[in-house]
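# Fold and geometry: a report
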Amino acid sequence: DNRVYFDGGIFFDGWDKDDVVGVDENTTFNPIGNGATIRRARIAMKVVMHKNWYGEIDFDFSGSATEIKDAYIKYTNDARDFNVKAGHFREGFSMETTTTSRYVTFIERSLISKFAPSRHLGLQVNYMKDKYLLVGGVHFNEQGGFEEVEFSQDANKDNGTDEGYSFTGRAVFRPIIDNEKVIHIGAAASYRTPKTHLEVPNSYRFSTRSISNVNRKKYLDTDDISNVDNNTLWNVELAGAYKNMMFQSEYINNDIKRLDDLSDVNLNGFYAQVGYLLGDGKYNYNKNEGEFTQVSRGSEKGELEVAFRFDYIDLNDEKAGVYGGSANGYTLGFNYHINSNIKLVLDYSYLDHDRYANGKGKLYVGHDVNGDLTKDPREVVEAKGKAGDDYGQLQMRIEIDF
Amino acid sequence: DNRVYFDGGIFFDGWDKDDVVGVDENTTFNPIGNGATIRRARIAMKVVMHKNWYGEIDFDFSGSATEIKDAYIKYTNDARDFNVKAGHFREGFSMETTTTSRYVTFIERSLISKFAPSRHLGLQVNYMKDKYLLVGGVHFNEQGGFEEVEFSQDANKDNGTDEGYSFTGRAVFRPIIDNEKVIHIGAAASYRTPKTHLEVPNSYRFSTRSISNVNRKKYLDTDDISNVDNNTLWNVELAGAYKNMMFQSEYINNDIKRLDDLSDVNLNGFYAQVGYLLGDGKYNYNKNEGEFTQVSRGSEKGELEVAFRFDYIDLNDEKAGVYGGSANGYTLGFNYHINSNIKLVLDYSYLDHDRYANGKGKLYVGHDVNGDLTKDPREVVEAKGKAGDDYGQLQMRIEIDF
Amino acid sequence: DNRVYFDGGIFFDGWDKDDVVGVDENTTFNPIGNGATIRRARIAMKVVMHKNWYGEIDFDFSGSATEIKDAYIKYTNDARDFNVKAGHFREGFSMETTTTSRYVTFIERSLISKFAPSRHLGLQVNYMKDKYLLVGGVHFNEQGGFEEVEFSQDANKDNGTDEGYSFTGRAVFRPIIDNEKVIHIGAAASYRTPKTHLEVPNSYRFSTRSISNVNRKKYLDTDDISNVDNNTLWNVELAGAYKNMMFQSEYINNDIKRLDDLSDVNLNGFYAQVGYLLGDGKYNYNKNEGEFTQVSRGSEKGELEVAFRFDYIDLNDEKAGVYGGSANGYTLGFNYHINSNIKLVLDYSYLDHDRYANGKGKLYVGHDVNGDLTKDPREVVEAKGKAGDDYGQLQMRIEIDF
């Protein structure tokens, strides 16, 4: 399961390199750079051992850096309805996040995917029947980045701090499921203490690039939320498919409890998407994982898919004094599934950020009373909806999986 | 030979996160953090070329960093009793260090393994017969870490310094050897000049974590021993096995000669271990490498092994004014060899550090006359045996090799 | 196509570690360090998908760092005379640079290879017939180093800078070509804007080690050439082979246009080489790539090759005030092609640097009027030909490709 994704992005920021003097009506407050990148460059080694055992190690080298992705061992019973996994892998939370990037519908996952825990060291049990799926796990640190590993090791060396832990569970119910159709109703929860892989001990920070890895600006950023005691995540998932049509939606809620009488912080968001295959193909659903998998192509020439997603995230909590910004995203996507190894993707997105989406004070979000650009949301004179950067972006991907 | 090891460690340091005010009798002087980690995540490419030639490259990506491990070419004659290796591989010194981590008995090698040279660029000849084995090599720099490579390149660029070299030889005699039993008597020596991959030019530093990679504290640390002209290592090995029983022991001596009339430094230590297979399995010995290899499992359900090791290292040399600390270690281990690819390991160790094992002045090693914690061994009022941190630790490993 | 190359180098700098007081006649102005290194340690994954599609990812981990090398997808038509590549791969410029290091004649490519663009993200079309080859591409950033990727991402994040682009084309004509002989006439051109992966925005810097990766000194270095608007590269290639004889030569010209009325800068150089197989082997030419490929060995014992190259590079442009140095290089090489996987290489080179080759002010290039060593070319009293470091070097390589 080696893979490489090449991405390019063009941003309709209205800026002209050769004429940056004035900023007119159709221009973003901050210029955005067009570019191309290797989004993923992954090598995987997999092996089935002695029937019941499966092992995998999976590394990403995009950006000419090293990241450990999946690295685990799985024991599956003979009836194939129960397995235990140990190692570094995705926690059982959010059907979009647990879906491999290979089969995700759009170039980037939704804005709220930043809440979902993704890969951590831990132990997980899975029990799956046709109609339902149960997942439970205990998890520890991340090992997916050089810096995270270093922060953990320093916390251990210098302060002898215990690593922290998480308990995460997920349940999926499928009232209707056969080869042609599925209804998926899911919910998950996770109780989490701060881990030692955090850059600032006991501080959480939620930030995200806005549905693009080419545009490196993180408009949405809560900055450090300090003195965290623990947080609780929960979500609900509703999805379904009928032949060549699908929909998928999730809501995630994130409650952060703090020490020393500091206010709790609540962040949340959701997404909803629909997809349609234009040929004779059909959507497929993976019962064991509770998520969609590769589509069946309708002809030898491949299959064309059109899809739309609405995104909403809210990183503001007025009561707690956290203003990370909020945003709406609208994405129209076209996927050309050439064969089982190659996919071409074209996504147009429109982003609408609010006045608090100022990249923790680094980005302009409107004009002040003097008509000058300002990074301070309190000084912005623009009406609601006009403040904060809003723009369109066109992104392409060539995806190879082999 | 891809592999991934997941380790977890619990340390009986007597510290309670919620009550750190007082330090009572059953508490270590310094808190120790529990944790989990990916100890190894390795990808290897191997190939036999044209009968006599064998090539291998082997990388470790644990910690989301890159390390070159084995990378060499080997020519073996038709009689299979002679080979030449060129590249980056372990020098022929210490049967425990040359044994791959895959087949080492405990989660971590002995304390004295830090004296053994491990992998360096070089050229080695091996001559092996049933009754004996002879190994000789000339070696240069390490390439196994990004920093080491950078230090070497900077020394070359800025000062035009030659790289340094080592001559290393090992001889093994096996008076008794057949399919059921073996007696192994070995000795090795190595003459070494300082290499340019050292962080501080011409300075040696010997330090080690105490039989754990989860606890990052390096209690034992000589700090920089400067103005080194050369050092000479020698060891003796005594080992043997009879059916389901084995023992293995080594003594290593490390003599460091310094320039400018500075005192020579002598460091040394040893370990001795016994192992016992509880089922019908048996121990196997690799004649070509002069070390133990994978055990034969007695049944389809696997094989359970129990083992014990005593460890001693002395990094103090009073005459030379070097006080790196000394320690005793006692390790009781259980290995469950599930199949040829999977091993579960559980090790309980008790560590007993002396008052000089203060992590070069960073760790508390006792109380002073006022009853306050102190990092200065000269101020410690505790009696011998009571000074320095002593504690138990429980470590687990899931090991996959495929 | 995994590969590992081990290199060692000895430099005849006349310096004696134990006697560095005086600098005599036969001594270089700057000491040079002997050493050994892993020059390449590469893992590649390749796959032919569905007949017309080919994918590849290729990483280098030498120096215990990660570098993305080739990573692309290629579509080839059924007639096999046309293909399109997308991803990260070598631009179509310079037959020496596009030749894989596996089949390059000497341990290091020529001095002028630093002008050639090598690997960038982009899209390329190739059209090839027996008598000619046409290549055209549009290219963007490099992704081949962690720092380059970081510079690009920072430029995007902080300034919203567009990435930059290049248009590169190459044409090759082969008036004579059959299984025994070939005449190759080639030319290429590339128009390039500054990319965001540059350390100093809009600044070009051309520097090279002198035909060695062991000697880390960069005698030849233009330092930053600032305020670049664009540059244009062009080259001509003349090469040929008849049975066991070959020759190959290239001239490259590099024109850098600058903003703000700053002088344009012109840099250039060339190399010419001949090769001869001593056994019954023959040289082979790759029509699709327009370059030489692996030689055919004349016997089961392998094939011995002797080759000579003359190198010239000029990084001085008096008019523009750029003094990066110039150099002549003379290399005599012996290649023992043991089998298709293993090659032993021995290269003797003599380097002759001019007085401006002072590593941007870091290296001595002669004596001043007081007889003291000086790094300032204007103070050097040595006659032309005597100033600047001149020395011989002997390099060895063990090369494994599998």
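This write-up is about the structure you can find in this document.

About the cut-offs
Residues numbered from 1 in each chain as written. Chains lettered and ligands numbered in written order. Predicted model: local features only at pLDDT ≥ 70, side-chain atom pairs only at ≥ 80, totals over all residues. Heavy atoms only, no water. Least-squares fit on C-alpha atoms with pLDDT ≥ 70 in both. Contact = heavy atoms within 4.5 Å. Buried area = accessible area lost by both parts, 1.4 Å probe. Salt bridge = Lys/Arg side-chain N within 4 Å of Asp/Glu carboxyl O. Helix = DSSP H or I, 4+ residues; strand = E, 2+ residues; numbered from the N terminus. Buried < 20%, exposed > 50% of the residue type's maximum accessible area, 1.4 Å probe, protein only. Expected span 1.5 Å × (residues − 1). Arc of directions from axis to C-beta. Pairing = 2+ DSSP bridges.

## Considerations on the relation of the copies chain C and chain B
If you rotate chain C by 120 degrees and push it 0.0 Å along the axis, it lands on chain B with an RMSD of 0.0 Å. Such values leave the two copies arranged in the relation of a three-fold axis. Nearest to the rotation axis, the C-alpha of C:Thr66 is located 3.9 Å from it, this being the minimum over chain C. Mapped onto chain B, only 12% of the interface residues of chain C are again interface residues, and the two copies thus contact each other with different surfaces.

## Let's talk about the relation of the copies chain C and chain A
It takes a turn of 120 degrees to lay chain C on chain A, together with a shift of 0.0 Å along the axis; the resulting RMSD is 0.0 Å. An asymmetric contact is evident, with only 12% of the interface residues of chain C recurring at the interface of chain A.

## So, the interface of chain C and chain A
Tallying the contact residues gives 34 residues for chain C and 34 residues for chain A. Of all residues in chain C, C:Met45, C:Asn156 and C:Lys157 bury the most surface against chain A, accounting for 19% of the area lost on that side. Put simply, chain C and chain A have 0 salt bridges between them. Of all the elements in the fold, those that place two or more residues in the side of chain C that touches chain A are strand E2 (35-49), strand E3 (53-60), strand E4 (67-76), strand E5 (82-90) and helix H2 (146-159) of chain C. It is H2(C) that provides the largest number of residues to the side of chain C that touches chain A, a total of 6 residues.

## Description of unusual backbone geometry
If you check the backbone angles, B:Asn227 has positive phi at about 55 degrees while not being a glycine. Note that B:Asn227 resides in the loop between strand E11 (220-221) and strand E12 (228-242). Despite not being glycine, C:Lys243 has its phi angle at roughly 50 degrees, a positive value. The exposure class assigned to C:Lys243 is partly exposed, which follows from its relative accessible area of 35%.

## What about the interface of chain C and chain B?
Across the boundary between the two partners, chain C contributes 34 residues, which contact 34 residues of chain B. Carbon and sulfur atoms supply 67% of the area that chain C and chain B bury against each other, a total of about 2,800 Å² over both sides. When residues of chain C are sorted by the area they lose upon contact with chain B, C:Ser64, C:Arg216 and C:Phe402 head the list and together hold 22% of the total. Viewed at the interface, chain B and chain C are joined by 0 salt bridges.

## Focus on H2(C)
All names here are of chain C. If you check H2, its first and last C-alpha atoms are 20 Å apart, about what 14 residues at 1.5 Å a residue would give, namely 20 Å. Within the span of H2, buried status applies to Val-149, Ser-152, Ala-155 and Asn-156. For H2, the angular spread of buried residues about the axis comes to 130 degrees, placing them on one side. When the buried face of H2 is taken as reference, the exposed residues oriented beyond 90 degrees from it are Asp-158 and Asn-159. Just downstream of H2, Gly-160 is the residue with a positive phi angle, here 60 degrees.

## Examining the pairing of strand E16 (residues 291-296) of chain C
Residue and element names in this part refer to chain C. Taken together, the 4 bridges between strand E15 (residues 282-286) and E16 define a ladder with antiparallel strand orientation. The residue of E16 that forms the bridge with Asn-286 is Glu-291. Linkage of E15 to E16, two consecutive antiparallel strands, is achieved through a turn of 4 residues, within which Gly-290 is found at a positive phi near 70 degrees.

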